Amino acid sequence: MDDLIKKTGLGDILEKIRNRERINKSDALRLYQSHDLPAVGYLANIVRERLNGDKAYFIYNQHVNYSNKCINLCKFCAFGKDKSSAKAYEMTVSEAVQKVKDRLNEPVSEVHIVGGLHPDLPFSYYIDMLRGIKEARPEIHIQAFTCVEIAHLADISGMSVTETLEELMAAGMDSIPGGGAEVFSPRIRKLTCEKKLSGEGWIEVAKTAHRLGLRSNATMLYGHIETLEERVEHLAALRAAQDETNGFLAFIPLAFHPRNTEMADLSRSSGIDDLKNIAVARCFLDNFSHIKAYWIMIGPKMAQIALSFGADDVDGTVKEEIITHMAGAETEQAMSINELVRLIKEAGRIPVQRGTLYDEIKVY
Ligand code: V47
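Below is a short write-up of the structure. (Residues numbered from 1 in each chain as written. Predicted model: local features only at pLDDT ≥ 70, side-chain atom pairs only at ≥ 80, totals over all residues. Heavy atoms only, no water.)

Bringing the overall build of the protein chain into the picture now. Helices and strands together make up the secondary structure of the protein chain, namely 15 helices and 11 strands. Taking 364 residues into account, the globule formula puts the C-alpha radius of gyration at 21 Å, and the protein chain, at 20 Å, falls close to it. On the principal axes, the C-alpha backbone points of the protein chain span a range of 60 × 45 × 40 Å. In the protein chain, which comprises 364 residues, the proportion classed as buried is 61%. Excluding contacts between residues fewer than 6 apart, the proportion of contacts in the protein chain whose partners are at least 24 apart in sequence is 75%. Summed over all atoms, the accessible surface of the protein chain reaches about 14,400 Å², with 50% contributed by carbon and sulfur. (Helix = DSSP H or I, 4+ residues; strand = E, 2+ residues; numbered from the N terminus. Rg over C-alpha atoms; globule rule 2.2 N^0.38 Å. Buried < 20%, exposed > 50% of the residue type's maximum accessible area, 1.4 Å probe, protein only. Contact = heavy atoms within 4.5 Å. Areas by Shrake-Rupley, 256 points an atom, 1.4 Å probe, with all protein chains shown as cover.)

Structure follows, in structure tokens:
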């Protein structure tokens, strides 16, 4: 196979990967530009198997989207709504806590909490929600609030980002999900989410969290108006941040879903692009242990194939996903453990049910 790869013009990248040498930005761009998808996948699979062997992780998790009211209203988002919209909602603290209580009979190990940038809720709402959830289910891992929400919470509380994070941690926040990163490029942010925290700001919040001992994820929203160069710059910024703090757990490429957004004229990402984003990330982000194929966004079938293109994680059971479904996702809102295990086994991998920090709960 190595000889075949050399014929695709990617031989020098193969050599670097075999020698555990870092690939550079122009290598990553060449991988994106290559039409030899199996070759790109083969390279990614070398890194994937070096880091994670045949293991493929999933988690028994639950999502709680406490409110969609948002002051940013990004053009790619179908979830966020102005507070005056008939479609705007917000849960009371006890309603959000009830979502967790409703599943006490299930082995949920993580609750993933995100919402819009709410115009009015006080800082105490977020603290009470975290405390309430921890009281209802003390052993649950709370992965809550994107870096963008955390910067917003610092604004409304009048505290520094460090102090805000410390208060949230004291109330029960255990780690930070990877949303809100979008594409760091100022051009893309200006065109799609002008009001949002800048790319530098997002990375600064993540690094601050890491320095406090919190782990976080990182994402990239691809398949809209970004260029391949902008994707590579995004990955480069994440790799540089990870070199500094080593606090990122996983990278998750997020496939843009256009329906009900202001960018509804665009079409959905192709299968080739879904796999390339996984594979290029796996080759380039050599300091990230995990690359997640989020089945909610690319579908279970593509997530299964992604396990041979660099991904070692398919996210989890999820339950009640709203953000992607409002933007037209046709996937189910939940998958059972049996379905996830079958999907992974048929890909020739070993299913591992994990905790948020990749502690192994059960090997199937
Ligand atoms: O921040 C918004 C993105 C994110 C759309 O950390 C959209 O493990 C596609 O970050 N089409 C939220 N994407 C989801 C997210 C996430 C999901 C699963 C796991 C983890 C993790 C993180 O979804 C938002 C935004 O970047 N998004 N609108 C859309 N129309």
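There is more to say, and it comes next.
The N-to-C vectors of helix H7 (residues 147–157) and helix H8 (residues 161–171) enclose an angle of 100°; their axes lie 9 Å apart at closest approach. Put simply, H7 runs roughly perpendicular to H8. Where H7 abuts H8, its residues Ile-150, Leu-153, Ala-154 and Ser-157 lie against Val-161, Thr-164, Leu-165 and Leu-168. Tallied by class, the residues present in the contact of H7 with H8 amount to six nonpolar, two polar and no charged. (Axes fitted to C-alpha atoms, helices over the stretch in contact; angles between N-to-C directions. Parallel < 35°, antiparallel > 145°, perpendicular 65-115°, else oblique. Nonpolar A, V, L, I, M, F, W, Y, C, P; charged D, E, K, R; others polar.)

Next up on the list: the pairing of strand E10 (residues 350–354). Buried residues dominate E10, accounting for four of its five residues. Pairing of strand E1 (residues 55–59) with E10 involves four bridges; the strand directions are parallel. Across the sheet, residue Lys-55 finds its bridge partner in E10, namely Ile-350. Alignment of E10 against strand E11 (residues 360–363), held across three bridges, turns out to be antiparallel. What sits directly across from Val-352, in E11, is Val-363. Connecting E10 to the next strand, E11, in antiparallel fashion are five residues, including Tyr-358 with a positive phi near 65°. (Pairing = 2+ DSSP bridges.)

The interhelical angle for the contact between H8 and helix H10 (residues 199–211), taken along N-to-C directions, is 55°, at an axis separation of 10 Å. Classified by the angle their axes make, H8 and H10 are oblique. Read as a crossing pair, H8 and H10 show a hand that is right-handed. From H8, Val-161, Thr-162 and Leu-165 reach across to H10, where they touch Val-205, Thr-208 and Ala-209. Partitioned by chemical class, the residues of the contact of H8 with H10 number four nonpolar, two polar and no charged. (Left-handed = near helix turned anticlockwise from the far one by under 90°.)

Okay, the site of the ligand next. Near the ligand, the surroundings consist of 23 residues, among which Phe-76, Gly-178, Glu-182, His-257 and Lys-292 are the closest. For the ligand, an oxygen atom lies 2.5 Å from a polar atom in the side chain of Glu-182. The separation between a nitrogen atom of the ligand and a polar main-chain atom of His-257 is 2.8 Å. Protein burial of the ligand: of its 610 Å² of free accessible surface, 95% is covered by the chains. The residue makeup of the shell around the ligand, split by class, is 12 nonpolar, eight polar and three charged. (Near = heavy atom within 4 Å. Polar contact = N/O pair within 3.5 Å; in protein donor to acceptor, adjacent residues only side chain to side chain.)

Structurally, Ser-109 can be placed in the loop between helix H5 (93–101) and strand E3 (110–113). Setting aside its immediate chain neighbours within four residues, Ser-109 contacts Ile-59, Tyr-60, Ile-140, His-141, Arg-354, Gly-355 and Ile-361.

Applying the stated criterion across every chain, the model contains 12 aromatic pairs. Between the aromatic rings of Phe-184 and Trp-202, the centroid separation amounts to 5.5 Å while the plane-to-plane angle is 45°, which identifies the pairing as tilted. With Phe-184 in the loop between strand E5 (175–176) and helix H9 (186–192) and Trp-202 in helix H10, this pair connects stretches of sequence that are 18 residues apart. Like Trp-202, Phe-184 is buried. Ring plane angle 15° and centroid distance 5.3 Å describe the contact between Phe-248 and Phe-288, whose orientation is recorded as stacked. Of the two residues, Phe-248 sits in strand E7 (residues 248–255) while Phe-288 sits in the loop between helix H12 (271–284) and strand E8 (290–291), which places them 40 residues apart along the sequence. Accessibility assignment for this pair places Phe-248 and Phe-288 in one class, buried. Three or more aromatic residues joined by ring pairs make a cluster, and in this case those are Phe-184, Trp-202, Phe-248, Phe-251 and Phe-288. (Phe/Tyr/Trp six-rings, centres within 6.5 Å; stacked < 30°, edge-to-face > 60°.)

What follows covers helix H2 (residues 11–18). Among the residues of H2, those classed as buried are Gly-11, Ile-13, Leu-14, Lys-16 and Ile-17. Along its buried surface, H2 packs onto helix H1 (2–7), helix H3 (25–33), helix H4 (37–52) and H12. A positive phi of about 55° marks Arg-20, the residue just after H2.

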